[in-house]
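Survey of secondary and tertiary structure
Chain residues, written in single-letter form:
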Amino acid sequence: MSSVHQAHGPRLAARVIAAALAALLASAAAADPVLGDGPARGKPLSLAQLRACLDLQERLESQGAAMQTLQSELDAARADFQRFDTALQAERAALDPTSKPAVDAYNARLEERRRRIADYEARTPVLTEAVAAYTALRQDWIAGCDDRPYDEDDYAAIFSGR
């Protein structure tokens, strides 16, 4: 038996354990909230750092949404091109090479195909740049903000305009 239990009986030991448990729970409840989803790491953010991290978080959300929009537009353009190209192949199979109007119409469609390819290829680097910018911003977030604790009063001050 422990010396506490021997000297003061089971009631005192139970009170000591209950007090220690209460102190542990209180310290866990009083822990600073954390930016991110993981456990807290590093020193708590200062007010200025928290403000910068919240601004960075907004930029990440905005750039992420813009990047997703670009990706969706390119996906739609690719699907549209594939439908167009399939139809063009069917037209080619049915083309009467002796009919000048039919050949001219097909050639116009080929020109439309070239224009669509050029448009798609021009838009692809825009998405690549958006992904690179987002990735760099995300790395900044991870390095300076992710899983960092902050003071709730600082958070409240930022959103109250102080």
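Here the structure is shown first, and the text comes after it.
Here goes a summary of the coordinates provided.

1. Digging into the nonpolar core
In this structure, Leu-35, Leu-45, Leu-50, Cys-53, Leu-54, Leu-56, Leu-60, Leu-137, Trp-141, Cys-145, Tyr-150 and Ile-158 together form the largest nonpolar core, which totals 12 residues. Mapped by element, the contributors of at least two residues to this core are α2 (47-94) and α3 (100-144).

2. Looking at the side chain of Asp-147
Within the element layout of this structure, Asp-147 appears in the loop between α3 and α4 (152-159). There is no salt bridge for the buried Asp-147, and the closest opposite charge comes from Arg-41, which lies 4.5 Å off by N-O distance.

3. Details of the pattern of salt bridges
Under the definition given, this model contains 11 salt bridges. Its salt-bridge partner being Asp-80, residue Arg-116 comes within 2.8 Å of it at the nearest N-O pair. Placement of Arg-116 in helix α3 and of Asp-80 in helix α2 is noted, with a sequence separation of 36 residues between them. Since its relative accessible area comes to 33%, Asp-80 is described here as partly exposed. A salt bridge links Arg-114 to Glu-111; the shortest N-O distance between them is 3.1 Å. Here Glu-111 and Arg-114 lie together in helix α3, a separation of 3 residues that amounts to about one turn. Classification of Arg-114 by relative accessible area gives partly exposed; the value is 47%. When its relative accessible area of 47% is taken as the criterion, Glu-111 is described as partly exposed. Each of Asp-80, Arg-83, Glu-112, Arg-115 and Arg-116 takes part in salt bridges that share partners, so that together they form one network.

4. Describing α3
With 45 residues, α3 extends 67 Å between its outermost C-alpha atoms, agreeing within 8% with the 66 Å of an ideal straight helix rising 1.5 Å per residue. For α3, the set of buried residues is Tyr-106, Leu-127, Leu-137 and Trp-141. Summarising the contacts, the buried residues of α3 are in contact with α2.

5. Description of the environment of Leu-35
Along the chain, Leu-35 falls in the loop between α1 (3-29) and α2. Residue classification places Leu-35 among the buried residues on the basis of a relative accessible area of 6%. Other than its neighbours up to four places away in sequence, Leu-35 contacts Leu-45, Leu-50, Cys-53, Leu-54, Trp-141, Cys-145, Asp-146, Asp-147, Arg-148 and Tyr-150.

6. So, the environment of Ala-48
Within the secondary structure layout, Ala-48 lies in helix α2. Note: C-alpha distance between Ala-48 and Ile-158 (110 residues apart in sequence) is 9.4 Å.

7. A word on α2
Along its 48 residues, α2 runs 70 Å from first to last C-alpha, staying within 8% of the 70 Å computed at 1.5 Å per residue. For α2, the set of buried residues is Leu-50, Cys-53, Leu-54, Leu-56, Leu-60, Gly-64, Met-67, Leu-74, Phe-81, Phe-84, Asp-85 and Leu-88. On the buried face of α2, the contacting elements are α3 and α4.

Calculation criteria
- Counting from 1, residues in each chain are numbered in the order their sequence is written.
- Residues qualify for local features only when their pLDDT is at least 70, as the model is predicted, and side-chain atom pairs are given and counted only at 80 or more; totals for whole chains, interfaces and linings, by contrast, use all residues.
- The side-chain numbers reported here are obtained from all heavy atoms of the structure, hydrogens and water having been left aside.
- Throughout, nonpolar core names a set of buried Ala, Val, Leu, Ile, Met, Phe, Trp, Tyr and Cys residues whose side chains join them through atoms within 4.5 Å.
- Here's how the labels work: a residue is buried when its accessible area is under 20% of the maximum for its type, exposed when over 50%, partly exposed in between, all with a 1.4 Å probe on protein chains only.
- Note on conventions: DSSP H or I runs of at least 4 residues are helices, E runs of at least 2 residues are strands, and numbering of each starts at the N terminus.
- Charge convention: Lys and Arg are scored as positive, Asp and Glu as negative, and His as well as the terminal groups of each chain are ignored.
- Here a salt bridge means any side-chain nitrogen of Lys or Arg lying within 4 Å of a carboxyl oxygen belonging to Asp or Glu.
- To estimate how far a helix should reach, multiply one less than its number of residues by 1.5 Å.
- Residue contacts are defined here by distance: any two heavy atoms, one from each residue, within 4.5 Å place the two residues in contact.

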